[in-house]
Protein chains: 2
Amino acid sequence: MATLNDYDLRVARTHGEFTRHRHPETDEAFLVLAGSLTIRLDDGEVTLGPGQLYVVPRGVHHQPVSPDGAEVLLIEPRETVNTGDTPSNLTADRRLA
Amino acid sequence: MATLNDYDLRVARTHGEFTRHRHPETDEAFLVLAGSLTIRLDDGEVTLGPGQLYVVPRGVHHQPVSPDGAEVLLIEPRETVNTGDTPSNLTADRRLA
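None of the values given here were measured: they were computed from a predicted structure.

Visitor: What am I meant to see in the overall build of chain A here?
Guide: Secondary structure summary: chain A contains zero helices and seven strands in total. For chain A, the α and β elements follow one another from N to C terminus as β-β-β-β-β-β-β. The C-alpha extent of chain A, read off along each of the three principal axes, is 30 × 25 × 25 Å. Across the 97 residues of chain A, 45% fall into the buried class. Within chain A, contacts between residues separated by at least 24 positions form 70% of all contacts whose residues are at least 6 apart in sequence.

The structure is reproduced here in structure tokens:
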């Protein structure tokens, strides 16, 4: 984990389906470092491989899925909740981060 | 080029020695996508390969160098001047970006 001003740069290892959610207050960047990540959107989906970047605009529902696993760099403001407006059993306690 | 809130995410292709400079007002993140990048600091240097990230804190002099070339993702606030406080012939006109 690194910080850039008031942003977090976090490497997340994902596998399977994440909670569909949105962040009403911020954009969120996904940069795949290894593996493959698909981001399901309301009007389609985008699949990213290593070195590929996608920014989900604020307020847009998205569901990251990675059947085979991926290592992803997430870039977002420090206080961003990982499941946005949709609490689930995958919601991280950022106080522990 | 992508934007994340009021930040720019820019892929730069670097080769050779960049201007030594600092950004008094902001941190700056370097993520190498391909090749190898060395960042010279006043008290040492760090060399990054693909997938490796380094954040130069605000106010810290740094000189990116890449003898063999590198593709680098830069993350910084939108109005950041690429050569910081040190104008040079490498200073980009961000009005054209």
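Resuming the write-up.
Visitor: Which parts of the structure should I look at to understand the interface of chain B and chain A?
Guide: Listed per partner, the contact involves 20 residues of chain B and 20 residues of chain A. Roughly 1500 Å² of surface becomes buried between chain B and chain A when both sides are summed, with 68% attributable to carbon and sulfur atoms. Of all residues in chain B, Leu4, Asn5 and Tyr7 of chain B bury the most surface against chain A, accounting for 38% of the area lost on that side. In this structure, the connection of chain B to chain A is made through zero salt bridges. The set of elements that each furnish at least two residues to the side of chain B that touches chain A consists of β1 (2-4), β2 (7-17), β3 (28-35), β6 (53-56) and β7 (62-77) of chain B. Broken down by element, the residue count for the side of chain B that touches chain A peaks at four residues, all from β3 of chain B. Residue composition of the side of chain B that touches chain A, by class: 12 nonpolar, four polar and four charged.

Visitor: Mind showing me how you'd approach the nonpolar core here?
Guide: Across soluble globular proteins, nonpolar side chains have a tendency to be buried as a group. Within the largest apolar cluster, 19 residues are counted, with the highest numbers of intra-cluster contacts made by Leu4, Leu9 and Ile75 of chain A together with Leu4, Leu9, Leu73 and Ile75 of chain B. Among the elements of the structure, β1 (2-4), β2 (7-17), β3 (28-35) and β7 (62-77) of chain A together with β1, β2, β3 and β7 of chain B are those that each provide at least two residues to this core. Considering every element that reaches this core, the biggest residue donor is β3 of chain B, with three residues. Beyond its immediate chain neighbours, meaning those up to four positions away, isoleucine 75 of chain B contacts Leu4, Leu9 and Ile75 of chain A together with Tyr7, Asp8, Leu9, Glu28 and Ala29 of chain B.

What counts and how
Residues numbered from 1 in each chain as written. Chains lettered and ligands numbered in written order. Predicted model: local features only at pLDDT ≥ 70, side-chain atom pairs only at ≥ 80, totals over all residues. Heavy atoms only, no water. Helix = DSSP H or I, 4+ residues; strand = E, 2+ residues; numbered from the N terminus. Buried < 20%, exposed > 50% of the residue type's maximum accessible area, 1.4 Å probe, protein only. Contact = heavy atoms within 4.5 Å. Buried area = accessible area lost by both parts, 1.4 Å probe. Salt bridge = Lys/Arg side-chain N within 4 Å of Asp/Glu carboxyl O. Nonpolar A, V, L, I, M, F, W, Y, C, P; charged D, E, K, R; others polar. Core = buried A, V, L, I, M, F, W, Y, C linked by side-chain atoms within 4.5 Å.

That is the geometry; function is a separate question.
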